[in-house]
Structures are given as structure tokens and as C-alpha cells.
Amino acid sequence: MIVEMDIISTVSMYALLLIPIGIFIWLQMGLVKETILSALRMTVQLFLVGLYLKYVFQLNNGFVNLGWVIIMMVAANSSVLGKSGLKRKLFFWRTLIGISVSTFIVSGWFVLVAIRPDPFYDARYMVPIIGMILGNCQRSNVLSLERFYSGIRNNEQEFMTYLMLGATLSEAIRPYLRTALKSCVNPSIATMATMGIVSLPGMMTGQILGGAMPMAAIKYQIGIMLCIFAAMVIAAVVNILLSLRVAFDEYQRLRPNIFQ
Amino acid sequence: MIHFDNISLQIHGQILLEQAHLQIAEGDHVVIRAPSGSGKSSLLKLAVGALPMSGGSVRVHDLELSDQTVAEIRSRIGFIGQEPTLGAENVKDALLLPFTFKVHQHNKPAEELIFQTLELLHLERSILDKPSKRISGGEKQRIAIARALLLNKTIFLADEITSALDPASKAAVITALFRPEITLLSVSHDPDWINACGRIVEINKHKLTEAAP
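Along each chain, residues carry numbers from 1 onward, in the same order as the chain's sequence is written. Key to labels: chains lettered from A, ligands numbered from 1, both in the order written. Side-chain atom pairs in this predicted model are given and counted only at pLDDT of 80 or more, local residue features only at pLDDT of at least 70, and totals for whole chains, interfaces and linings cover all residues. Heavy atoms from the whole structure form the basis of all side-chain values; hydrogens and water molecules are not counted.

Peer 1: What is the right way to read the overall build of chain B from this model?
Peer 2: Helical segments are the DSSP runs of H or I of at least four residues, strand segments are the runs of E of at least two, and each set is numbered from the N terminus. For chain B, the helix and strand inventory stands at seven helices and ten strands. All radius of gyration figures rest on C-alpha atoms, and the globule criterion is 2.2 Å times the number of residues raised to 0.38. A compact globule built from 213 residues should have a C-alpha radius of gyration of about 17 Å, and chain B, at 17 Å, falls within 12% of that. By its C-alpha atoms, chain B is 50 × 40 × 35 Å across when sized along the principal axes. Note on classification: 1.4 Å probe, protein chains only; a residue is buried when its accessible area is under 20% of the maximum for its type, exposed when over 50%, partly exposed between these limits. In chain B, buried positions account for 53% of the 213 residues. A separation threshold of at least 6 residues defines the contact pool for chain B, and within that pool the share at least 24 residues apart is 65%. In the form shown here, chain B has an accessible surface area of approximately 9,900 Å², with 47% of it arising from carbon and sulfur atoms. Contacts between residues were defined by any pair of non-hydrogen atoms, one from each residue, lying within 4.5 Å. Accessible surface is estimated by sampling points in the Shrake-Rupley manner with a 1.4 Å probe; for residues, cover comes only from the protein chains shown.

This is the structure:
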């Protein structure tokens, strides 16, 4: 069983912050306030989530679990759009569909086909697995959308040349779709290749700390890595394809007003 | 063949064309001569739906430009810009790029036709193996022209396409494009090009007016 951290030992962890804060003061970097505020935010948010999850786990009701998952998806979607440089209002529903479709497909496969918990909506599996997928796909979702649209904007003449040479919209966007997808999956391919040697993944570490046998933890880790990779690609493609209708006008020209 | 009716065009709030008209018949070779920034290049872009019009209509053959017809109109017109983008890593791929698109997929030109077209434009066969980044501006212009010729287009919109050419290459391009079966709407400051055109159009007070050749 895990060694439980009491409140005093948790608070003692904040002592570690004194070192970076000392360095910030010494270098007159002015990050002290931001650091303290962020650490406090993290603390409050995690305690609230911990409290909430305690009840979600106790209740273990399929609808409550689904509700929580939807909240996570909406939050992830807002954050993705905020960072992608695209107007939130125009894309919100389309990227929400992209993120939900990809997450539900891969987490559904993992939970229903591989793990098969009873009941299948068991919060102990559903919530952390979907949370990990969403959290890990966030950066790649931002990157794929941002790269795709900035790629076309920065190479507008080339894009128009494709159209002038007879390409349909889906043919003309293909080079930019390829670049966007590559930029989002390349880091993950590298991570998978070095996993276990350079990095010990968080989920595995968490399970081992929680008392699981390393071999059991490894199987979950492999599952989650493959889920993240598949979700990343599905979300990137679905997000981009669904966003085309609002991003291009009826003459296949990129609308300038889609950017923040 | 190409009809601009009542065309109005504003860019960044500045009026370039207002209720302008221009009719181009089959086989006409037209050049637009006007100061920079007066809307010459924009007029060419309007015809292929690359720029939004503020008013008026464009007709190419029997098709009025709209969201329904824009793809068909683009497939009929060869549009060549002043600094054309080749859109592929090497010259051969750039030349064959349009034939990778569904609409032209079945019309892939035979190797012999490619060589003849290169020769017509004073280009060496060896250029096919060069990376697109390594060729000169003049070569790029001629590759873009070759690409449009290989697509068997009969309507050309050409924006200063001789600006980077030496006299011999320019003569070759003029011979290749100024044929009776080709309809040409162009923008140019080049006296040789202007002399070769049968019609000169100017932009005066936001209108398109004919000038004496």
C-alpha cells in the first residue's frame, strides 16, 4: 500500500519552491508573484478535483462520470483554441467534436476491449484514462491546427497556385495537412522510441507508487501511449477537416478573419 | 470569351475599379497598361476568383463566375503570375503537378511533348532534374508557362511574365503564346510584349478604357 502523505508533509513540499524563488529574486526576474500564484492555483484546483473525484468514485454513476468527462473535454477544447491563434467563437463546436470523437474512440477501445472493467463506466478507469489522453493530446492539437492554418497563410501564393492548376480544396490543402500532422506526431514517435530508457512515464510511476507490480503497470503504460498516439492523429485530422468549412470561403480562399 | 461587367473592386478600403467593363473575344491578345497599384494584377485575379469582387460579374465562355463554376473556370484558364510558385521540390514534379489532381489525372503528357514544350520555350531538358529552388526567376516563369501549355489551355492570364527573361527567351515566349487559338489577357510594362498585343487597355478613373496601339 502507498505511504500516505499527511497535510504537514504535503505543505513541506512547498519548501522546495524557496530555491527557485531565491534564484528569481537574485536574478531580478520578477517571476516570484506568478510562481506563487500558479502554485496556489494548482493547489486549490487539485484539492477541489480530489474532493470532487472522491465523490465521483464513490457514486460511480455512468451519467456523472460522463458529465465529468464532458467538462474535461470542453476545458481542453477551450485551451486548445486559445493557444492555436484561431477565433474561439468560429471553431468551438467543430474542434470539440474532433477532440470528443478521438478521445471516445481510443478510450472506448482501451476500456471496453482491453481492460473490460465491471461496470464498464467505472470512474477509476474512465476518468484517469480520458484525462491522460486529453492532457497529452492538448499540445499536439494546438500544434496541428496552428501549423495547418499558418502554413496556408504564409504560403498563400503557393496554395492559390494549386487551386489555379485545378486542385480541389481537399487536394490543395494536402501538403499543409501533411506538414501539420508531421509536426504533431514527430515528438510522440521520438518519445515512444526512448520510453523506458530516457523517461519513466508518469502513469507507470503512479501505478508502481500505488502498489501495482511493474509488469502490470507497463501493460497499462503501453496501452495509454498507443491511445495517446492514435487520439492525436484522429483529433488533428478531424479538427482540420471539420474546420475547413468555416476557414475557407465559397471560392476556397482562406478567410483572413479566422485568426485572433 | 471573357466578359467583365460592371466590375467594382476595393482593396483595404481603396477603390481600384468602379463599374468597369471589358469584353475580350476569342483570339484577342490584350494587355493592360497602367501605373503600379492601379488594380491591373487584381483584375486578373478577379477572373479566377482569387480576389473577392465588390460588385459586378465575370463571365468566361458561357460560365458566370460563382461558387458553383469557379473550379470549372480555373480549370479552363492558365494563370501565370510574375513570380510563379512551382509548388514542388524539383522541376519535373512541378511541371507534372497539375496531373496529380483528379481533374487532369487522365491527360498526363507524353515525355516527347514535355521535351517539345521545353524546347519551344528555350529550356534545356536537363532542367527537369534540378531542384525548384536552384533555377532562376526567368526559368521559373518559363516552367510555369510550359505547365500551362501542357494543360492545353487556350485562355491565359499573364502577369508580367517576361519581367525576368532575356531577349531570346522573351521572343520564344511571345511566339509560344501569341497564336490565333490563344486568348490572352495580360499585364505588362514590356514594350515588345505590348507591341505584340492587338489591344491595349488602360485604367482611367477606375474604368477600363481602350487605348490606341
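Peer 1: Is there a simple way to explain the pattern of salt bridges in this structure?
Peer 2: Opposite charge on two side chains permits pairing when their charged atoms draw close. All names here are of chain B. The term salt bridge refers to a side-chain nitrogen of Lys or Arg lying within 4 Å of a carboxyl oxygen of Asp or Glu. Scanning all chains against the criterion turns up ten salt bridges over all chains. Across the pair Arg76 and Asp62 runs a salt bridge whose closest N-O atoms are separated by 3.5 Å. A residue pair is termed long-range when its members are at least 10 positions apart, and Arg76 in helix α2 (residues 70-76) and Asp62 in the loop between β4 (55-60) and β5 (63-64) qualify at 14 residues. Judged by its relative accessible area of 23%, Arg76 is partly exposed. Among the residues examined, Asp62 registers a relative accessible area of 62% and is labelled exposed. Of the charged contacts in the structure, one is a salt bridge between Glu72 and Arg76, with a shortest N-O distance of 3.0 Å. With Glu72 and Arg76 both in helix α2 and four residues apart, this pair spans about one turn of that helix.

Peer 1: Is there a simple way to think about the layout of surface pockets in this case?
Peer 2: To find leftover empty space, one rolls a probe the size of a water molecule over the atoms. Residues and elements named next belong to chain A. Quantified by volume, the largest pocket comes out at close to 1,700 Å³. Within this scheme a cavity is a closed region of a 1 Å grid, computed over the protein atoms alone, that accommodates a 1.4 Å probe without allowing it to escape, whereas a pocket is open but has protein on both sides within 12 Å along at least five of seven lines; lining residues each have an atom within 4 Å of a point. Around the largest pocket, the lining is made up of 38 residues, and of these Ile2, Leu53, Phe57, Pro128 and Gly206 lie nearest the centre. When residues of the lining of the largest pocket are traced back to their parent elements, those giving at least two are α1 (7-13), α3 (32-59), α4 (62-84), α6 (123-154), α10 (202-209) and α11 (214-247). Per-element tally for the lining of the largest pocket: the top contributor is α3, with ten residues. When residue character is reported, Ala, Val, Leu, Ile, Met, Phe, Trp, Tyr, Cys and Pro are called nonpolar, Asp, Glu, Lys and Arg charged, and the others, Gly included, polar. Looking at the lining of the largest pocket, its residues break down into 28 nonpolar, eight polar and two charged. Grid points are joined across faces, edges and corners, and a volume is the space filled by probe spheres set on the points.

Peer 1: Looking at this structure, how should I read the sheet that holds strand β10 (residues 207-211) of chain B?
Peer 2: Note on sheets: strands pair through backbone hydrogen bonds, and any given pair is parallel or antiparallel. Residues and elements named next belong to chain B. Taken in spatial order, the six strands make up an open sheet running β6-β7-β8-β3-β9-β10, and their pairing is mixed. Pairing within the sheet leaves two strands with one partner each, and these edge strands are β6 (77-80) and β10. For this sheet the average axis-to-axis angle between neighbouring strands, irrespective of direction, equals 20°. Of the strand pairs in this sheet, β6 and strand β7 (residues 155-159) are connected by four bridges, and their pairing is parallel. Looking across to β7, one finds that Phe79 is bridged to Leu157. All axes are obtained by fitting lines to C-alpha atoms, using only the stretch in contact for helices, and the reported angles, taken between N-to-C directions, cover 0 to 180 degrees. In this fold helix α5 (residues 137-150) packs onto β6 and β7, with an angle of close to 175° to the strand it touches most, β6. Two strands are said to pair when DSSP picks up at least two bridges between them.

Peer 1: Where do I start with the nonpolar core in this structure?
Peer 2: Soluble globular proteins tend to bury their nonpolar side chains together. By size, the foremost hydrophobic cluster in this structure holds 121 residues, and its most contacted members are Phe148, Tyr149, Phe159 and Phe248 of chain A together with Phe4, Leu177 and Trp193 of chain B. Broken down by element, the residue count for this core peaks at ten residues, all from α6 of chain A. Contact partners of Trp193 of chain B, with chain neighbours within four places excluded, come to Val31, Ala158, Ile161, Thr162, Val173, Ile174, Leu177, Phe178, Leu184, Ser186 and Ser188 of chain B. In this description, a nonpolar core means a group of buried Ala, Val, Leu, Ile, Met, Phe, Trp, Tyr and Cys residues linked to one another through side-chain atoms lying within 4.5 Å. Counting residues in hydrophobic clusters, the runner-up holds 13 residues, among them Val106, Val111, Ile129 and Cys137 of chain A.

Peer 1: I keep staring at the packing of helix α5 (residues 88-115) of chain A against α6 of chain A and nothing clicks. Help me out?
Peer 2: When two helices pack together, their arrangement is given by the angle between the helix axes and the distance between those axes. Residues and elements named next belong to chain A. With their axes 10 Å apart at the nearest point, α5 and α6 run at an angle of 140° to one another. Between α5 and α6, the crossing angle belongs to the class labelled oblique. Of the two elements, α5 crosses α6, and the hand of that crossing is right-handed. Judged by residue contacts, Phe91, Thr95, Ile99, Thr103, Val106, Ser107, Phe110, Val111 and Ile115 of α5 engage Tyr125, Ile129, Ile130, Ile133, Leu134, Asn141, Leu145 and Tyr149 from α6. A per-class count over the contact of α5 with α6 returns 13 nonpolar, four polar and no charged. Note that the term roughly parallel is reserved for angles under 35 degrees, roughly antiparallel for angles over 145, roughly perpendicular for angles of 65 to 115, and oblique for everything else. With the far helix as reference, a near helix turned anticlockwise by less than a right angle produces a left-handed crossing, and one turned clockwise produces a right-handed crossing.

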